[in-house]
Amino acid sequence: KMTQSFVRSRLVVNARRVVAGKFAQQRCCLSALPTKQQEIEPAFMSRNIGISAHVDSGKTTLTERILFYTGRITAIHDVRGKDGVGAKMDSMELERERGITIQSAATYCQWGDYHINVIDTPGHVDFTIEVERALRVLDGGILVLCGVAGVQSQSLTVDRQMRRYDIPRLAFINKLDRMGADPWKVIQMVRDKMQLNAAAVQIPIGLGEAHQGVIDIIRRKKITFEGTKGEQVVTSDDIPSTMIDLIDKKRLELINTVCDADEELAEQYLENDDVTAQELEEAIQRSTRARTFVPVLMGSAYKNKGVQPLLDAVIDYLPSPVERQGVVAIKADSAALSAAHQQTVPITCSSEEPLLALAFKLEESRFGQLTYVRIYRGTLKRGNFIVNARTRKSTKVPRLVRMHSNEMEDIDTAYAGDVVALFGIECASMDTFEAADNVQRLALSSMFVPRPVISLAVSTKKGSSSSASDNFSKALQRFTREDPTLRVHTDPESKQIILSGMGELHLEVYIERLRREYNVDTDVGNPKVNYRETISEARPFDYLHKKQTGGAGQYARVIGRIEPISEEELEAAAAEAANDENSEQSHTANIKTFQFVNELIGANIPPEFIPSCEKGAQEAVSKGCLVGAPIENIRVVLTDGVTHPVDSSDLAFRAAMIGAIRGALNTARPAVLEPISKLEVIVPSEFQGDVLGTINQRRGVITHSEISDDGSIVTLVADVPLAAMFSYSSTLRSLTQGKGEFTMEYKSHERVTPDTQAELMKAYQARLAEEQAQKK
C-alpha cells in the first residue's frame, strides 16, 4: 500500500528531465510534480549530495563532469591544473599543484527541474574532518570506487562516516577505462568488506580501452555517450547478443538482492514470477532511502561515460530534504545530558515552519567570515535577525549567498533544505541558528571530531618582524576555527607552540599555507608523537599536605587509592559509545579514560572541598612520571581524609591530591603507551619484498595482505607505531619508483617495548636537564 507521500515522490522521480538541451532521455512516463505542490515546498525538487571516496578515485573529476553536463561550467579542465586552469572545485593553488582535494567545496546545479547541492570532499585521511562536516548536513551520498583497486582504506572510513549519519547512498564504480578494471570484483568487495547489500543496476559495455557505455539492466536499454565530451546520450534497444545472458543473470541478481531489502517487491515477485521496470525502480527507491540497499552504477568520469545516468539515479533514488527521515533537534535545556536522556523534537523540512539552521563550515575570505549553513526548516532572508542557540546572541544577516566553489552568487531568500552561506555572522562550527522572532531553544547535534595524532613545534623564523608574529597568530587562530582537527597549544614547560593534526600531510599543508597566504616563514621542529602513560597495578595513598607561612597555613590530608581501568571496562565503554546515536557524545564517552570516584563516608572532608580534590587529581594525571605524557586508563578513588578547622582550603586539598597521586604513581608500575596506526600500502607486486622490509624496520606487524586477481598489485595492511612513520612517504616513493601509495589512520595506543620505554625515559630526562640548564 503506497502512501500519498510515496505517490507524490514517484511523481517527482518520474518527471521528464531536459538539461541545457544536451540530454533528453525517454525514461519517464508519468507527469511531473504539480506546480501547486512545487510552490508549497520547493525542497521536494532538490537534492543535497556529497561525493566521497578514497584518495585518487576520481571524485573531483566526477564533480567536474556533473557541473559540465548540468550547464554550470562551459569547459572541462584537468584536476591537476596542467591546462593552467584546474578543476572548478579545487580552487586552492595547493590543491591544483598536488592534484588532491584539501578542503570540501560546495556548488549547485540544475538537472532538469531539480536543484542539486553538491559537496566535493577530500579523499585523504588527513582531511577526514571535511567529509565528516559534509555528511553531517547532507541527505544522500555518492560513494566513488576505483574499478581497479576497489574498496580501499579510506573507502571503509567513508562507509563508517555515512553509517554514522544514516546517509542513503549510491555507489559509482569509476575508472572502467583502465586496464585491469573489474566491476564485479569491486561489488563483491563492497559486500564482503563493507557488509552492504549492493547490486549493479548497470552492466559495462567493454572494459579498459574497449569501454563504450553501459546497459541499463532495469529497462534493458543500451546507453552510449557520443560527442567530444560525451554530452550526447544515445539510448537504444540495440543490445549486443553476446550480452543478453549476462543481462538476464545480473537482472535476476538485482531482483533477488532488492527483494531481500524490500518486502513489497518480494511479494510482487512471488505472485508474478517477475517484476516490471517501474516496480523494480520503486523498490530500489524505497530500499535505498531506507538504507537497506545500495544501487551500483558504473562508468568512467575521465572518459565522460556514465555520468548522466548517475545524475538520473540521484534524482530517482536519493531522498529530497523533505523525504529524509530521522532528523531531530535537541531541546537546549537537555543538550548537556547523555544521548539517552536528551529531549528530542522531530524536525519537518518545511519553509512554513520557524527557522532552524546549522553552521557546518567556517571560512575566512576577503569579505570576512563566511559561514556555510544548512537550513533544516523555515526561511532565511537577507536582513533577517537570527539567534545563535549557544550564545543566545541575535545578529542581522547582512549578506546571503550561494556558493559555486570559490565564487558567490548573492540571493535574497533561502528555503528549507537549502545549503547556503552567510557573511558577517560570528559563530563557531556546529552552532545552531533560530529565527529571532520565534526562539524555541532548540539545538542540532554536532559532528564526530577525531582527536589529533601527530604534533609539530612551530615558530616564526628567528629575526622575523613583529608583523610576522602578528600574522602567525592570526593565521593559527583562523585555521583552528576552520578545522576542528587542527589544535594549537603552548607547552607550559618549553613554551613552544605545538601544532597538532591528523597526519604529516595535514600539518605540511598548513605550514605551506602560512607561507603563501600570510607571508610567514616558520621553523618547524621534529614531530612530537602524542605518547600516553598508564599504570599496571593499584596502589593506596595517604598524604598529608601541611604548610605554615606565618599567617593562615595550609592543611589537608587525603586517603585513597589509584587503580588501572581494566580492558573489560574500556571495551564496554567503547561498545556503549559505538551504540550511541549522538556522535559528539559518543566521542566524549570514548576518550574519558580518567575517572574520579568519591567513596567518602561521613564528612571528614567537607563537600565543598571535593571539587578541589578532583581538580588536583586531574592536574596530577596530566603529566606522568616517565616521559611527562598524560596518564590514561586510571581511576582515582578518594576514601577518607582529615581537615583543619582554620588551615584547610580548596588550595590545600588540591595540592594534597597532586602530591598523593604523584607519589603513588611511581610504585604502580607505570608504563608508556604509543599511538599505533593502521597502515595500508598498495604497490606493484615486484616491490612487495622491499616494502615488507621497510615495514618490519619500522616495527610494523603485518595483519593482512591481498593480491589482485592478475597478480600485479599487492595490498599490505599493518599496525605500525606512528613514531616510526615520519618521512615514510619519501621512502615509499623511492622504493617503488613513485608507483606505490599508502594511507594511515590512528588505531589505538599500545604499550611500548621495554627497550623503547628506556630510550624515551632517557631522552625525557636529558630534555629536562637541558631545560634546567637554560633556566640557570
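Everything below is about the structure shown above.
These numbers come from a predicted model, not from an experiment. (Residues numbered from 1 in each chain as written. Predicted model: local features only at pLDDT ≥ 70, side-chain atom pairs only at ≥ 80, totals over all residues. Heavy atoms only, no water.)

So, on to the sheet that holds strand E34 (residues 554-564). The mixed open sheet is built from four strands, whose spatial order is E33-E34-E36-E35. If you trace the sheet from one side to the other, it starts and ends with strand E33 (539-547) and strand E35 (594-598), each paired once. The sheet shows a mean angle of 25 degrees between the axes of neighbouring strands, taken without regard to direction. When E35 meets strand E36 (residues 634-642), the two strands line up parallel, connected through five bridges. Looking at the pairing, Val 597 lines up with Val 637 of E36. Against the sheet, helix H16 (residues 610-620) makes contact with E34, E35 and E36, and its axis sits at roughly 150 degrees relative to E35, the strand it touches most. Most of the contacts of helix H17 (residues 650-665) go to E34, to which it runs at about 40 degrees, and overall it touches E33, E34, E35 and E36. (Pairing = 2+ DSSP bridges. Helix = DSSP H or I, 4+ residues; strand = E, 2+ residues; numbered from the N terminus. Axes fitted to C-alpha atoms, helices over the stretch in contact; angles between N-to-C directions. Contact = heavy atoms within 4.5 Å.)

To continue, consider the packing of aromatic side chains. Taken as a whole, this structure holds six aromatic pairs when the rule is applied. Summarising the aromatic geometry, the rings of Tyr 728 and Phe 742 are spaced 5.1 Å apart at their centres and angled 85 degrees between planes, so their arrangement reads as edge-to-face. Taken as a pair, Tyr 728 in helix H19 (residues 728-735) and Phe 742 in strand E40 (residues 741-751) lie far apart in primary sequence, 14 residues in all. An aromatic cluster is built from Phe 479, Tyr 510 and Tyr 518, whose rings are joined through pairwise contacts. We note Lys 250 situated over the ring of Trp 184; from NZ or CZ to the ring centre the distance is 4.1 Å. Stacked on the ring of Tyr 108, the Lys or Arg Arg 402 has its end atom at 5.8 Å from the ring centre. (Phe/Tyr/Trp six-rings, centres within 6.5 Å; stacked < 30°, edge-to-face > 60°. Lys NZ or Arg CZ within 6 Å of the ring centre and 35° of its normal.)

Okay, the packing of helix H3 (residues 59-69) against helix H11 (residues 307-317) next. Taken N-terminus to C-terminus, the directions of H3 and H11 make an angle of 85 degrees; their axes are 10 Å apart at the nearest point. As the angle between them shows, H3 and H11 are arranged roughly perpendicular. Taking contact as the criterion, the partners of Leu 62, Arg 65, Ile 66 and Tyr 69 in H3 are, on H11, Val 307, Gln 308, Leu 310 and Leu 311. For the contact of H3 with H11, a count of residues per class yields six nonpolar, one polar and one charged. (Parallel < 35°, antiparallel > 145°, perpendicular 65-115°, else oblique. Nonpolar A, V, L, I, M, F, W, Y, C, P; charged D, E, K, R; others polar.)

Under the criterion given, the structure shown has 43 salt bridges. Taking the shortest distance from any N to any O, the salt bridge between Asp 139 and Arg 324 comes out at 3.6 Å. One end of the pair, Asp 139, is in the loop between helix H5 (128-137) and strand E6 (140-146); the other, Arg 324, is in the loop between H11 and strand E14 (328-331), and 185 residues separate them in sequence. By the burial criterion, Asp 139 is buried, and Arg 324 matches it. Across the salt bridge formed by Arg 478 and Glu 517, the nearest N and O atoms sit 3.0 Å from each other. Of this pair, Arg 478 sits in helix H12 (residues 466-482) while Glu 517 sits in helix H13 (residues 504-518), and the two are 39 residues apart along the sequence. With relative accessibility at 14%, the residue Arg 478 sits in the buried group. Note on Glu 517: relative accessible area 37%, which makes it partly exposed. Through salt bridges with shared partners, a single network forms among Arg 561, Glu 563, Glu 569, Glu 599 and Arg 635. (Salt bridge = Lys/Arg side-chain N within 4 Å of Asp/Glu carboxyl O. Buried < 20%, exposed > 50% of the residue type's maximum accessible area, 1.4 Å probe, protein only.)

In this section: the sheet that holds strand E22 (residues 407-410). In a beta sheet, neighbouring strands pair by backbone hydrogen bonds and run either parallel or antiparallel. Pairing within the open sheet is antiparallel, and its eight strands lie in the order E20-E19-E25-E16-E17-E24-E21-E22. Strands at the two margins of the open sheet, each flanked by one partner only, are strand E20 (394-396) and E22. Each strand axis lies, on average, 40 degrees off the axis of its neighbour in the sheet, ignoring direction. Taken together, the nine bridges between strand E16 (residues 356-365) and strand E17 (residues 368-377) define a ladder with antiparallel strand orientation. Residue pairing in the sheet places Glu 364 in a bridge with Gln 369 of E17. Helix-sheet contacts for H12 involve E16 and E17, and the interaxial angle to E16 is about 150 degrees.

A word on the packing of helix H8 (residues 244-261) against helix H9 (residues 263-272). The N-to-C vectors of H8 and H9 enclose an angle of 130 degrees; their axes lie 6 Å apart at closest approach. In terms of axis orientation, H8 runs oblique to H9. Crossing geometry of H8 relative to H9 is assigned as left-handed. Contacts between H8 and H9 involve Leu 252, Ile 255, Asn 256, Val 258, Cys 259 and Ala 261 from the first element and Glu 263, Leu 265, Ala 266 and Tyr 269 from the second. (Left-handed = near helix turned anticlockwise from the far one by under 90°.)

Counting buried positions over the seven residues of E6 gives seven, a clear majority of the element. Across the two faces of E6 the burial is the same, with Gly 140, Ile 142, Val 144 and Cys 146 and Gly 141, Leu 143 and Leu 145 all buried. In the sheet, strand E3 (residues 46-53) pairs with E6 via five bridges, with the strands oriented parallel. Opposite Ser 52, over in E6, you have Leu 143 as the bridge partner.

Below, the discussion takes up the side chain of Lys 305. Within the secondary structure, Lys 305 sits in the loop between strand E13 (294-298) and H11. For Lys 305, which is buried and forms no salt bridge, the nearest opposite charge comes from Glu 226, at a distance of 9.1 Å. If we ignore the near neighbours within four places in the chain, the residues touching Lys 305 are Phe 172, His 211, Gln 212, Gly 213, Phe 225, Gly 299 and Ser 300. (Lys, Arg positive; Asp, Glu negative; His and termini not counted.)

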